[in-house]
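Chain residues, written in single-letter form:
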Amino acid sequence: MGFSARAHKKGLRAGAAVVASAVAVAATVWGVAVLAEPGGAAADRQVPGAHGAGEGDRGRAPRAIPEGIAHASEDGADAVNITIDDGPDPRWTPRVLDVLARHGAKAVFCMVGPQAEAHPDLVRAVVAAGHRLCDHTMDHDTAMDRKPVPYQERQILDAKRLIEAAAGGAEVAYYRAPGGAFTPDSRRIAAAHGMRPLGWNVDTKDFEKPGVAAIVDAFERGTRNGPTVLLHDGGGNRSQTVEALDRVLDRLEEQGRPTGFPVRTAPGAP
């Protein structure tokens, strides 16, 4: 190889080294800029479940919540899901909690946002007793399914915020539409914010005050066909509900049937 060829080859190697060095420096400077800049790519990247989530993701569960309406129990085919709607109520919620505690039973309390805001002590008592919370909207509008999507969203998410605040940040695990007035949009909104849409199999009609025996009969007949029972601690005098709940929990104990919580995630979900 001649002198001119060797010189040319050395020049190419030197040029490549300079380019590589410049690229490395540029990459380092870009990386520092990304880390330092609040709006940079690294700042935007979120890890599911991380505390650094953005405002739009705050309060959302890291696991996938299905949009389908839940009825089954997490606690097996024999379990019964007790769900209590329309509270909290300063007279009746403590009495319901006492009955549940006496029997060691679980329940889901579906709360109306302003009621939760007015009675945070009761919301926290529900959480402290190991029960779960459910969003039952702001105004209990049973015609929600005929209202615009932005209205549905406000009803759901405003109530969720009030319930969470009253509970000291405890999770709101479910969403129940007033009167069962679910829509595909309301189910999507709830699931996107970590709340499983929650239905029922047994409507005891306790809100009509039909008598303790009638509530107990509806409970027992209905739970042959599905596990999730609808009762109320708000919206009026619930003395019949309290007594009926005590009786049916006695009978469940005699039958060896546990109480449980409704499913939240799809089978096999993390």
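The rules we used
- Residues numbered from 1 in each chain as written.
- Predicted model: local features only at pLDDT ≥ 70, side-chain atom pairs only at ≥ 80, totals over all residues.
- Heavy atoms only, no water.
- Phe/Tyr/Trp six-rings, centres within 6.5 Å; stacked < 30°, edge-to-face > 60°.
- Buried < 20%, exposed > 50% of the residue type's maximum accessible area, 1.4 Å probe, protein only.
- pLDDT = per-residue confidence, 0-100.
- Contact = heavy atoms within 4.5 Å.
- Axes fitted to C-alpha atoms, helices over the stretch in contact; angles between N-to-C directions.
- Helix = DSSP H or I, 4+ residues; strand = E, 2+ residues; numbered from the N terminus.
- Parallel < 35°, antiparallel > 145°, perpendicular 65-115°, else oblique.
- Left-handed = near helix turned anticlockwise from the far one by under 90°.
- Nonpolar A, V, L, I, M, F, W, Y, C, P; charged D, E, K, R; others polar.
- Pairing = 2+ DSSP bridges.
- Right-handed = clockwise from strand over helix to strand, strands pointing away.

A complete count under the given rule lists one aromatic pair for this structure. Ring centres 5.7 Å apart and planes at 90 degrees place the aromatic pair Y175 and F182 in the edge-to-face group. Residue class for Y175 comes out buried when judged on its relative accessible area of 0%.

Let's shift gears to the confidence of the model for the chain. Of all residues in the chain, 75% attain a pLDDT of 70 or more, and the chain-wide mean is 82. Every residue in residues 1-61 scores below 50 in pLDDT, and together they form 19 contacts with partners more than four places removed in sequence or on other chains.

Time to look at the packing of helix α8 (residues 212-222) against helix α9 (residues 239-255). In the contact formed by α8 and α9, the axes pass within 9 Å of each other and the chain directions differ by 45 degrees. Considering their axes alone, α8 and α9 lie oblique with respect to each other. Considering how the two elements wind past one another, α8 and α9 form a crossing that is right-handed. Across from V212, I215, V216, F219 and E220 in α8, the residues of α9 making contact are Q240, T241, E243, A244, R247, V248, R251 and L252. Looking at the contact of α8 with α9 residue by residue, the class counts come to seven nonpolar, two polar and four charged.

The next subject is the packing of helix α5 (residues 120-128) against helix α6 (residues 149-166). Geometrically, a packed helix pair is captured by the angle between its two axes and the distance between the axes. Between α5 and α6, whose axes approach to 8 Å, the crossing angle comes to 75 degrees. The angle between α5 and α6 places the two elements in the roughly perpendicular class. For the pair α5 and α6, contact is made by P120, V123 and R124 and by I163, A165 and A166, respectively. Looking at the contact of α5 with α6 residue by residue, the class counts come to five nonpolar, no polar and one charged.

Pairing geometry for strand β2 (residues 108-111) and strand β3 (residues 132-135), over four bridges, is parallel. Across the sheet, C110 pairs through a bridge with C134, a residue of β3. Across three bridges, β3 lies against strand β4 (residues 172-175) in parallel orientation. Across the sheet, the residue bridging to C134 is Y174, located in β4. Following the backbone out of β3, through α6 and into the adjacent parallel β4, one traces a crossover that is right-handed.

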